[in-house]
Amino acid sequence: MSRRDVGEVLLEVKDLTVDYLTLKGAVRAVDTANFTLRRGEILGVAGESGSGKSTLTTAILRLQRPPAVTAGGQVIYHHRDGAATDLVPRTDKELRSIRWDQLAIVMQSAMDALNPVKRLGEQFRDVLQLHNPKMSKDESNTRAQDLLAMSGIPRDRVNSYPHEMSGGMRQRSLISLALACDPDLVIMDEPTTAVDVVMQRTIMSQVLRLQRRLGFAIIFVTHDLSLLLELSDRLAIMYAGKIVEIGPASELYATPRHPYTAALRDSFPPLFAPLKVMSGIPGAAPDLMDLPPGCAFAPRCPRAMPICHEQEPAFIEVAPAVRAACLLNQPEVVAGQPTIGASLPVAGEAPSSDDPEEASLALDTTPRDPGGWS
């Protein structure tokens, strides 16, 4: 069950496919992504570098630049009045009224996203007056101050240049800027990457306070699975351009149905258990121009079977509200197949331990309520 109230469907991503055009041919960076996002929901997107997370989010808002092209699929945005728009075939001119007004994004690097030669207030004014031409300079300045104050930034910082602010303040300013027009959805692409752990916690506290107050949905992209477990309603795990598992955050942590999800989980310290030696994922992510046959994760998977190197798994429902692409979830395929390598907790199995106390702690995997960030 969600930790917050969510509403009707806001966004439907159907078979979204993105290619990068190269001299050697098209490289498929996002392969038939499918998910639905509801109003007020927080969807976390996790995966290693190069898994397609940022490409997916920029494609949703149609912000990708050449050589990236949307090769297929739909991104259907459901407006507040009940109308629906497929964003994929729209031109930039047609999308201008939707971007920032209904759909906004927080980019990875605040220093690159903010204009270094403009004061913060001017940058807010550019956005506000573009989408509301009747807004006066004083009104836009007051609105900018209010937005900064909601993010914990002093109101007088509206007159500051980006270089006069700390990294955390710049990042929170970007989040405030994304909220300028009261959007329905804010995509956050690794907004805490360049700040320390203390500032990361401060930023996420502000984000969750704003989300509870304003009710916007979030797609949150990061490498940090432990962070997503605390703030997300659902998780989407990406590998080699595909969503390999999606479902409620607590369930994916406690009973991952894909070995890659389990491996990501075990690469981070447990939320409550004592410190222990972490286990990394062997090998490296595959070359998207030369993907192995069958399952792309099979060469790195401790539970890979011979058939995993031959047959590509289907992305199917494996539990209520959980979908995964792994042959281990298809008993009719697994029957009679020998397992290669060590066992890995997956598909409802809890991590094992010879120490009863450690084993009992390992089972206490319920993520903390996001209210704990406040």
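Residues numbered from 1 in each chain as written. Predicted model: local features only at pLDDT ≥ 70, side-chain atom pairs only at ≥ 80, totals over all residues. Heavy atoms only, no water.

## Section: the overall build of the protein
On a plain count of helices and strands, the protein comes out with twelve helices and twelve strands. Taking all 374 residues of the protein together, the buried fraction comes to 50%. Considering only contacts within the protein whose residues lie at least 6 apart along the sequence, 67% involve residues at least 24 apart. For the protein, the exposed surface amounts to about 17,100 Å²; the carbon and sulfur share of it is 52%. (Helix = DSSP H or I, 4+ residues; strand = E, 2+ residues; numbered from the N terminus. Buried < 20%, exposed > 50% of the residue type's maximum accessible area, 1.4 Å probe, protein only. Contact = heavy atoms within 4.5 Å. Areas by Shrake-Rupley, 256 points an atom, 1.4 Å probe, with all protein chains shown as cover.)

## Re the sheet that holds strand β4 (residues 68-78)
Backbone-to-backbone hydrogen bonds join strands into a sheet, with any given pair of strands oriented parallel or antiparallel. Within the open sheet, the four strands sit side by side as β2-β1-β4-β5. Their pairing is antiparallel. In this open sheet, the two strands that pair with only one neighbour each are β2 (25-38) and β5 (84-86). Looking at each pair of strands side by side, their axes are set apart by 5° on average, direction ignored. Here ten bridges tie strand β1 (residues 9-22) to β2, and the two strands are oriented antiparallel to one another. If you follow L21 over to β2, its bridge partner there is A26. Relative to β1, helix α1 (residues 53-60) is tilted by about 115°, and along the sheet it contacts β1, β2 and β4. (Pairing = 2+ DSSP bridges. Axes fitted to C-alpha atoms, helices over the stretch in contact; angles between N-to-C directions.)

## What to know about the packing of helix α4 (residues 120-131) against helix α6 (residues 167-178)
The N-to-C vectors of α4 and α6 enclose an angle of 20°; their axes lie 10 Å apart at closest approach. By the angle between their directions, the pair α4 and α6 is classed as roughly parallel. Viewed along their axes, α4 and α6 form a crossing whose handedness is right-handed. Taken together, the residues of α6 that come into contact with α4 (itself represented by L120, Q123, F124 and V127) are S173, S176 and L177. Partitioning the contact of α4 with α6 into residue classes produces four nonpolar, three polar and no charged. (Parallel < 35°, antiparallel > 145°, perpendicular 65-115°, else oblique. Left-handed = near helix turned anticlockwise from the far one by under 90°. Nonpolar A, V, L, I, M, F, W, Y, C, P; charged D, E, K, R; others polar.)

## Section: empty space enclosed by the protein
Evaluation of the coordinates by the stated rule reveals two cavities of 30 Å³ or more. Taken as a whole, the largest cavity spans an internal volume of roughly 70 Å³. Considering the residues around the largest cavity, the lining is formed by H258, P259, C295, A298, C301, R303, A304, C308, C326, L327 and L328. When its residues are assigned to classes, the lining of the largest cavity shows nine nonpolar, one polar and one charged. (1 Å grid on protein atoms, 1.4 Å probe; cavity = no way out; pocket = protein on both sides within 12 Å on 5 of 7 lines; lining within 4 Å. Points joined across faces, edges and corners; volume = space filled by probe spheres on them.)

## Examining the layout of surface pockets
Approximately 740 Å³ is the volume attributed to the largest pocket. Contributing to the lining of the largest pocket are 25 residues, with L63, R99, W100, I105 and M107 lying nearest its centre. Where the lining of the largest pocket is concerned, the elements lending two or more residues are β6 (103-106), α4 and α6. Here the lining of the largest pocket is built from residues that sort into 15 nonpolar, five polar and five charged. Each of domain 1 (1-102 + 183-364) and domain 2 (113-182) accounts for three or more of the residues forming the lining of the largest pocket. (Domains from an automatic or database assignment.)

## Notes on unusual backbone geometry
With an omega dihedral of 15°, the bond running from P66 to P67 counts as a cis peptide bond. One can find P67 in the loop between α1 and β4. Within the chain, D15 stands out as a residue other than glycine whose phi angle is a positive 50°. You can see D15 is positioned in strand β1. For D15, a relative accessible area of 40% gives the class partly exposed. Located in the positive-phi region is A240, a residue other than glycine, with phi close to 55°. Position of A240 relative to the elements: it lies in the loop between β9 (234-239) and β10 (242-248).

## Focus on the confidence of the model for the protein
Considering every residue of the protein, the mean pLDDT works out to 85; 87% of them sit at 70 or more. Note that pLDDT drops below 50 for residues 340-374; the model gives that stretch 75 contacts with residues more than four away or on any other chain. (pLDDT = per-residue confidence, 0-100.)

## Details of the sheet that holds β10
On the basis of which strands lie adjacent, the open sheet formed by eight strands has the order β6-β7-β8-β3-β9-β10-β12-β11 and mixed pairing. Bordering the open sheet on either side are β6 and β11 (316-319), each of which pairs with just one other strand. Between one strand axis and the next, the sheet turns through 20° on average, direction left out of account. Bridge count between β6 and strand β7 (residues 185-189): four bridges; the pairing is parallel. Within β7, the position partnered with I105 by the bridge is I187. Packed on one face of the sheet, helix α7 (residues 197-214) meets β3 (42-46), β7 and β8 (217-222) and runs near 160° to β8. This element, helix α10 (residues 259-266), spans β9 and β10 of the sheet and lies at about 105° to β9.

## Here we look at the packing of aromatic side chains
Tallied over the entire structure, the rule returns three aromatic pairs. On the basis of an interplanar angle of 65° and a centroid distance of 5.2 Å, the ring pair of Y260 and F297 is categorised as edge-to-face. Of this pair, Y260 sits in helix α10 while F297 sits in the loop between α10 and β11, and the two are 37 residues apart along the sequence. There is no split in this pair, since Y260 and F297 are both buried. Joined through ring pairs, the aromatic side chains of Y239, Y260 and F297 make up one cluster. Taking NZ or CZ as reference, R265 lies 6.0 Å from the ring centre of Y253, over its face. (Phe/Tyr/Trp six-rings, centres within 6.5 Å; stacked < 30°, edge-to-face > 60°. Lys NZ or Arg CZ within 6 Å of the ring centre and 35° of its normal.)

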